[in-house]
Amino acid sequence: MQRCLEKLMSVHESQKGYILISSNIESEHQRIKEELKPNRVVGFIEDEFKIEHAKAVVAEAYISEAETKYLVLGANNFNNISQNSLLKLLEEPPRNIELIIISPTKSNLLATVRSRMPIVKGEKKSEAALIELNLSRISYQEVFEFLKTNARVKKSEAKVLIEALYHRAVVVEKLMPTSAQLQNFDKAYRLLELNSRPQSVLAMVIMSFVGEKNAN
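To start, this report covers the structure provided alongside it.

Looking only at helices and strands, the chain features 9 helices and 5 strands. When the elements of the chain are put in sequence order from the N terminus, they spell out α-β-α-β-α-β-α-β-α-β-α-α-α-α. For the chain, the residues scored as buried account for 44% of the 216 residues in total. Considering only contacts within the chain whose residues lie at least 6 apart along the sequence, 79% involve residues at least 24 apart. A total accessible area of about 12100 Å² is found for the chain, and carbon and sulfur atoms account for 52% of it.

In structure tokens, the structure reads:
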């Protein structure tokens with residue numbers, strides 16, 4: 001933890017923008033604001049970072065500042081159009097402007113973006129606590145309650161839940177997922193990227209554990 005903070009502070013002191021890899025986007029944004037006081041920090045925190053958000057960043061960047069101003073761009077997903085529109089700004093930011101991008105994974109970002117900024121790894125938020133189900137003994141009623149609770153989750157939130165289910169099965173309960181269950185985990189990500197209904201994808205994954213239990 002201390003080493004991570006020291007690395008982040010050294011990046012701040014270099015007055016160059018950077019990419020922070022962390023799944024805890026909002027708390028990282030708040031921490032950065034506290035660390036950089038009294039400098040002005042302007043946040044653009046979204047679930048999906050789109051072209052309109054990129055335009056707002058560019059507009060803010062070209063408002064002249066006497067002291068360093070930090071623009072924090074955080075999102076679970078960055079679409080390619082918005083990233084391409086930021087390339088010139090990332091390459092040649094105006095005087096006294098530093099950009100910080102927060103993303104849960106490097107793969108969210110284009111190679112052209114990654115090549116323009118150093119990458120720093122933040123603390124990875126543990127999602128295991130989100131899943132309190134016993135997958136080895138899960139009942140249909142528990143499945144129903146889980147799906148009801150997560151009926152309105154977004155795509156990015158569904159991805160987190162899929163990761164948490166996998167962590168619960170393999171790390172916490174030390175189960176040996178069947179080939180069908182592993183295929184469901186892999187298929188779940190692809191279906192979410194194709195904008196399948198998150199609740200249906202979650203049902204596919206979790207129901208495979210009910211079926212396996214009953215088969216045994």
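The next subject is the side chain of S22. Positionally, S22 belongs in the loop between β1 (18-21) and α2 (25-35). Only 3.2 Å separates the side chain of S22 from the backbone nitrogen of N24, close enough to count as a polar contact. Within the structure, the side chain of S22 is placed 3.1 Å from the side chain of E28, a separation counted as a polar contact.

Burial in helix α6 (residues 140-149) covers these residues: V143, F146 and L147. For α6, the arc enclosing every buried residue in end-on projection is 95°, short of the 170-degree limit, so these residues lie on one face. Across from the buried face of α6, at angles greater than 90 degrees, the exposed residues are K148 and T149.

The strands that make up a sheet are held in pairs by hydrogen bonds between backbone atoms, and each pair lies either parallel or antiparallel. Across the sheet, 5 strands lie side by side as β2-β3-β4-β1-β5; this open sheet has parallel pairing. If you trace the sheet from one side to the other, it starts and ends with β2 (40-49) and β5 (119-121), each paired once. Strand-to-strand twist of the sheet, defined as the mean angle between neighbouring strand axes without regard to direction, takes the value 20°. In this structure, β1 lies alongside β5, joined through 3 bridges in parallel fashion. Of the residues in β5, the one forming a bridge with I19 is I119. The strands touched by helix α3 (residues 51-61) are β2, β3 (69-78) and β4 (97-103); relative to β2, the strand with the most contacts, the crossing angle is about 170°.

What counts and how
- Residues numbered from 1 in each chain as written.
- Predicted model: local features only at pLDDT ≥ 70, side-chain atom pairs only at ≥ 80, totals over all residues.
- Heavy atoms only, no water.
- Helix = DSSP H or I, 4+ residues; strand = E, 2+ residues; numbered from the N terminus.
- Buried < 20%, exposed > 50% of the residue type's maximum accessible area, 1.4 Å probe, protein only.
- Contact = heavy atoms within 4.5 Å.
- Areas by Shrake-Rupley, 256 points an atom, 1.4 Å probe, with all protein chains shown as cover.
- Polar contact = N/O pair within 3.5 Å; in protein donor to acceptor, adjacent residues only side chain to side chain.
- Arc of directions from axis to C-beta.
- Pairing = 2+ DSSP bridges.
- Axes fitted to C-alpha atoms, helices over the stretch in contact; angles between N-to-C directions.

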